Every structure is written in structure tokens, then in C-alpha cells.
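Summary of structural features
So the chains spell out like this:
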There are 2 protein chains.
Amino acid sequence: MDRDQAHYLFGVMRQAVGAKVALFNGRDGEWLAEVAEAGKRGGVLSCLEQTRPLQMPPDLWLIFAPIKKARTDFIVEKAAEMGAARILPVQTDFTNSERIRQDRLQAHAVEAAEQCGGTFVPEVTDLQKLSRLLDHWPQERQLMFCDEAEVGQRLFLDRVEGGGRPGAEGRCPAYRPGEVSQPGSWAILIGPEGGFSEAERKRLHGMEQAHVVSLGPRILRADTAAVAAMTLWQQSLGDW
Amino acid sequence: MDRDQAHYLFGVMRQAVGAKVALFNGRDGEWLAEVAEAGKRGGVLSCLEQTRPLQMPPDLWLIFAPIKKARTDFIVEKAAEMGAARILPVQTDFTNSERIRQDRLQAHAVEAAEQCGGTFVPEVTDLQKLSRLLDHWPQERQLMFCDEAEVGQRLFLDRVEGGGRPGAEGRCPAYRPGEVSQPGSWAILIGPEGGFSEAERKRLHGMEQAHVVSLGPRILRADTAAVAAMTLWQQSLGDW
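Predicted, not measured: the structure shown is a model, and the values here were computed from it.

Tallying secondary structure elements over chain A gives six helices and 12 strands in all. Across the 240 residues of chain A, 52% fall into the buried class. For chain A, the share of sequence-separated contacts (at least 6 apart) that also reach a separation of at least 24 residues comes to 71%. As displayed, chain A offers around 10,800 Å² of accessible surface, 48% of which is attributable to carbon and sulfur atoms.

Structure below.
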């Protein structure tokens, strides 16, 4: 154990030699271990027995455009909880964020895995351009995206309406939970708060792997849409 | 318009006489209005025409146990976005929170309605005891609840396992999206992070209106579970 781990386990959690600890590393399932040596700068854990096998989530990617920090953190946490296998932040034409802290987002995914009882930790990739991701899109991976109408600033009772554009009719087939016949590899793409650009929408609708999903008559924020879309997918094609 | 509204519209948003504004009050749909008078301490808006009728959400309550402030805010925001008609914070046996700021939570619901393009704002009720709510449970209202297994502190690679109790088998019928035959009035109940007490679980399973819903093999945080459960309900029985 390194210094930080020893500090946490012995300093913060007040564990000592003989204490039982559950370990997982995202690759080998879950193991019961015992503290064999405990020090201020390190320690040794003895693995006793495997308590659970590695449980891989279904092959689902969550692709999203980073938004405000708290909501970006939230999307990563939720993707890990909901059972995404890989989390891919992308820059779209209307994304404001130029950079992300990949290491911080990966740490959020680890925390979510600890919390939700999983034995798998999804990889958070570096920020990449959506256009580049689509240039190299795997032939066999289906893509669900939410082509939500954009709502400008819209306010309660007494404020300014900034506009609102009705969503264009999807040209690619609709994803209807329970009626979709493509299992296997999938990705869910959540657009930025301002929606996709016309060029992006045209490109997405033209992909043979694309499916448009409807998330109801209200406009959902990106983080809400991510959880809702993953719910529909997990429930009809995933491991729920 | 009152002073705050005038400050927002004229000071922050830089609108002037003649500007068009979209109004909604949660009761009369959406109206196009024009600024007739603009001042520092107030103003007058003239309603021009109704642009949308009131769109009521389905008769769905979201009942939840308040958790940390940010996650409580989040649950209220998500419930409004997802189309809950009423939001009811409750104290359960394992709820830590003794009080909430009802006015602040109601303001979050208003903001979410502005954001999501709705014309309806769900009411946020005052904190009440779950036991008291169940004492007066309406005969005709179905109740979906998530009887998630409790997971104690569980950590990545090298930390302490605080326990984990497998979820008891639900005794009341399961909610399976697409197979549920009770439309009408519903409520979704999301338990606290520590789960329900044995007494609460027994009481809930014994209710004739109760349905247990499964949200997959991973343990979801309360805020994630709220969005996921509302998604399943809206998609099978609501207005999606």
C-alpha cells in the first residue's frame, strides 16, 4: 500500500492489523483481504479469497459534451453507476469547454464504482472532437442519440424568451425500447446544452448505425438526458 | 412587475419598452407579452396572445428522503424536468435531515420548469414523516418503490468494506415496464441512502398499491434512482 492508502485505511478509517478489507481493481473481481502490516507510510494486505468475480457491464459507451464542471462530474458519476463500459467526453460544434481534467473524471468513476457495488471501473477517455470520433466510428457499434429541440432562455412568469426551435424530424430510425433488434455494441451520445449544429445533425442522421431516441415532451438537461437514455437502453438491451 | 423582476428583465437582460417576453405562471399556459413600461423599481407587461395551453404532467408524485443539500436540490430539479406533478420530501427512519428549505426547493422547481420548456410547475410540499404519509395514503394511488440493497462503505482496491446486505425478496408485485396495467395516479418512492428500515419495508410490501421496481444489478444513489425510476414510469405509463 502506498502512503495515501495507508493514511486512509489506518489514519482516517482507524483500521489495524487483522482488519478485513474488500478489494477490487476493476480487473480481477472482488477479494477479501486482511491487514498484515500497518504503518504510517504504507502497509501490507494479504488476499484471503475471491468473494466475487469481475462483473463486466454491457458494451455501452456514453459519449457526452462536457458542460459546467459540476454537471460534467455528475454525468461521469452517473455513467459509472448506470453501468457504462466507457465514458467519452467530446467537443462538439457548440461545446464551450476546451479542456477537461481527465484524471479527476477518472477518479469520479472510481468513487462511483466503490459506491454502487460494482467490480468494474469504466475508462474515461481524453477529450476528443466528435467529428474525429465519427470519422473512425466502428462499423458494428449502434449509436443512440437524443436530438432534443433547443430551448433558449425561457423564464417563469416575467422574463425573456430567448427562442426555441422545434426539433427537426429525425431521419434515422427511432429507438423504441422493446422493439430494437440490435444487441451487441452500442453508444449513447448526449449533445451539448445548445444542441447539435446543423452539420452534426445531418451527419448523425446519415449514419447507418444511428437511432434517434425520444425522451418525452419536456426538454431535459444534458445530465438528466444521460441518465434517462441509459435507463431506457439498460432496461431493453442491457443488464437490468 | 416587482423590483426583482424589473431588475432582472431591464438591468440584467437589457430589455426595454417594446421587447417581447414569454410568460407562464403554472396555471394558464404560456403567453406572449410586450413590455409597456420599464422602470428601475417595476414595469408593466401587456399580454398579447396565448401561445400555448397549460400542459399538465401525468399524475405522478415523487416522494424522496432528503439527503445532502446538493443532491436534494438535484432530485427536485430532475423531478420537475422529468414531469412529476408533485414533489414530496419525507423523513424516513434512516433520514438524517430534520428540515428542508421548502421555499428554496420550490424555487429550484420553477427554474427547472423555465429550463425544460414546461408550462407547469410541480408543488414541493413541506417535509413530512413517511409513516404519516402512508397513514393517509389515497386508496387509488399506486406506489412504485425501489427496495435497493444497502451498501455500506465499499472502496476501490485498498479500503474498508463496511458491509452490504442483500436485498430481501420483494413480497409485493414487481413493476415491469410495459406489463403494468394500472394507469392513473401513481407515486414513486425513493428511499434514503441507508435504505428503508425493516419496519418500513414490511409496511410498504404490505400495501395493496405497492409495486417493487428493479433498477439493475448495481446499487444506484438516490438521485440516480429517482431519474431512472421516473424514466421507466414515464416511458411505460406517462407522457413519453
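Quick look at the interface of chain A and chain B now. Chain A puts 64 residues into the contact, and the matching count from chain B is 64 residues. A combined buried area of about 5,600 Å² lies between chain A and chain B, and 54% of that area is made up of carbon and sulfur atoms. Where chain A touches chain B, the interface holds 10 salt bridges. Among the ionic pairs, Arg221(B) bridges to Glu77(A), the shortest N-O distance being 3.0 Å. Of all elements in the fold, only helix H1 (3–12), strand E1 (20–24), strand E3 (43–52), helix H2 (69–82), helix H3 (102–116) and helix H6 (222–236) of chain A reach the threshold of two or more residues within the side of chain A that touches chain B.

Next up on the list: the pattern of salt bridges. Applying the stated criterion across every chain yields a total of 34 salt bridges over all chains. Of the charged contacts in the structure, one is a salt bridge between Asp103(B) and Arg101(B), with a shortest N-O distance of 3.0 Å. Salt bridges sharing common partners tie together Arg71(A), Arg221(A), Asp223(A), Glu77(B), Lys78(B) and Glu81(B).

All names here are of chain B. With antiparallel pairing, three strands are arranged side by side in an open sheet as E1-E2-E3. Each edge of the sheet is formed by a strand with only one pairing partner; in this case those strands are strand E1 (20–24) and strand E3 (43–52). The average undirected angle you get between the axes of adjacent strands in this sheet is 35°. One ladder, built from eight bridges, connects strand E2 (residues 30–38) with E3; its direction is antiparallel. The partner of Glu34 across the bridge, within E3, is Ser46.

It is worth spelling out helix H5 (residues 198–206) of chain A at this point. Residues and elements named next belong to chain A. For H5, the complete set of buried residues consists of Glu200, Arg201, Leu204 and His205. Buried residues along H5 cover an arc of 125° about the axis, so they all sit on one side. Away from its buried face, by an angle of more than 90 degrees, H5 presents the exposed residues Glu198, Ala199, Lys202 and Gly206.

Once that is clear, we can look at the nonpolar core. Ranked by size, the top nonpolar core spans 78 residues in total, and within it Ile190(A) and Ile190(B) carry the most contacts. Those residues in contact with Ile190(B) that sit more than four places away from it in its chain are Leu62(B), Ile63(B), Phe64(B), Ala65(B), Cys146(B), Phe196(B), Ala222(B), Ala225(B), Ala226(B) and Ala229(B).

What follows concerns the packing of aromatic side chains. With the rule as written, the count across this model stands at five aromatic pairs over all chains. Measuring from centroid to centroid gives 4.0 Å for Phe74(A) and Phe74(B), while their planes differ by 45°, and the two rings are tilted. With one member in each of two chains, Phe74(A) in helix H2 and Phe74(B) in helix H2 (residues 69–82) form a pair that bridges those chains. In this structure, Phe74(A) and Phe74(B) share a single accessibility class: buried. Ring centres 6.2 Å apart and planes at 80° place the aromatic pair Phe145(A) and Phe196(A) in the edge-to-face group.

Strand pairs in the sheet, formed through backbone hydrogen bonds, run parallel or antiparallel to each other. Residues and elements named next belong to chain A. The antiparallel open sheet is built from three strands, whose spatial order is E1-E2-E3. On the outer flanks of this sheet lie E1 and E3, each paired with one strand and no other. Here the strands of the sheet are splayed against their neighbours by 35° on average, with no regard to which way each runs. Sitting on the sheet, H1 touches E1, strand E2 (30–38) and E3, and the angle it makes with E2 is about 80°.

Residues and elements named next belong to chain B. In this structure, Leu204 sits in helix H5 (residues 198–206). For Leu204, a relative accessible area of 0% translates into the label buried. Sequence separation between Leu204 and Phe145 is 59 residues, and the spatial gap between their C-alpha atoms is 8.4 Å. Setting aside its immediate chain neighbours within four residues, Leu204 contacts Leu134, Leu143, Phe145, Leu189, Phe196 and Ala210.

It is worth spelling out the pairing of E1(B) at this point. One face of the sheet, then the other: side chains in a regular strand alternate in exactly this way. All names here are of chain B. Of all five residues in E1, four are buried, a share of seventy percent or more. The pairing of E1 with E2 spans five bridges and is antiparallel. Residue Phe24 lies in a different strand from E2, and its bridge partner there is Glu30. Taking the residues that link successive antiparallel strands as the turn, the E1-E2 hairpin has five residues, and the phi of Gly26 there is positive, at about 85°.

This part is about the UniProt feature "domain: Ribosomal RNA small subunit methyltransferase E PUA-like" (unreviewed entry) in chain A. When the UniProt feature table is mapped onto this chain numbering, "domain: Ribosomal RNA small subunit methyltransferase E PUA-like" (unreviewed entry) sits at residues 2–41 of chain A. Between the C-alpha atoms that bound residues 2–41 of chain A there is a distance of 7 Å. The span itself is 25% helix and 35% strand.

Take the packing of H2(A) against H2(B) next. Pairs of packed helices are described in terms of their axes, by the angle between the two and the distance that separates them. Packing of H2(A) against H2(B) brings their axes to within 14 Å, and their N-to-C directions diverge by 85°. Considering the angle they form, H2(A) stands roughly perpendicular to H2(B). Counting all contacts with H2(A), which are made through Arg71(A), Phe74(A), Glu77(A) and Lys78(A), the residues of H2(B) involved are Arg71(B), Phe74(B), Glu77(B) and Lys78(B). Taken together, the residues of the contact of H2(A) with H2(B) sort by class into two nonpolar, no polar and six charged.

Reading guide: rules and limits
- Residues numbered from 1 in each chain as written.
- Chains lettered and ligands numbered in written order.
- Predicted model: local features only at pLDDT ≥ 70, side-chain atom pairs only at ≥ 80, totals over all residues.
- Heavy atoms only, no water.
- Helix = DSSP H or I, 4+ residues; strand = E, 2+ residues; numbered from the N terminus.
- Buried < 20%, exposed > 50% of the residue type's maximum accessible area, 1.4 Å probe, protein only.
- Contact = heavy atoms within 4.5 Å.
- Areas by Shrake-Rupley, 256 points an atom, 1.4 Å probe, with all protein chains shown as cover.
- Buried area = accessible area lost by both parts, 1.4 Å probe.
- Salt bridge = Lys/Arg side-chain N within 4 Å of Asp/Glu carboxyl O.
- Pairing = 2+ DSSP bridges.
- Axes fitted to C-alpha atoms, helices over the stretch in contact; angles between N-to-C directions.
- Arc of directions from axis to C-beta.
- Core = buried A, V, L, I, M, F, W, Y, C linked by side-chain atoms within 4.5 Å.
- Phe/Tyr/Trp six-rings, centres within 6.5 Å; stacked < 30°, edge-to-face > 60°.
- UniProt positions renumbered as here; feature names shortened; annotations may be inferred.
- Parallel < 35°, antiparallel > 145°, perpendicular 65-115°, else oblique.
- Nonpolar A, V, L, I, M, F, W, Y, C, P; charged D, E, K, R; others polar.

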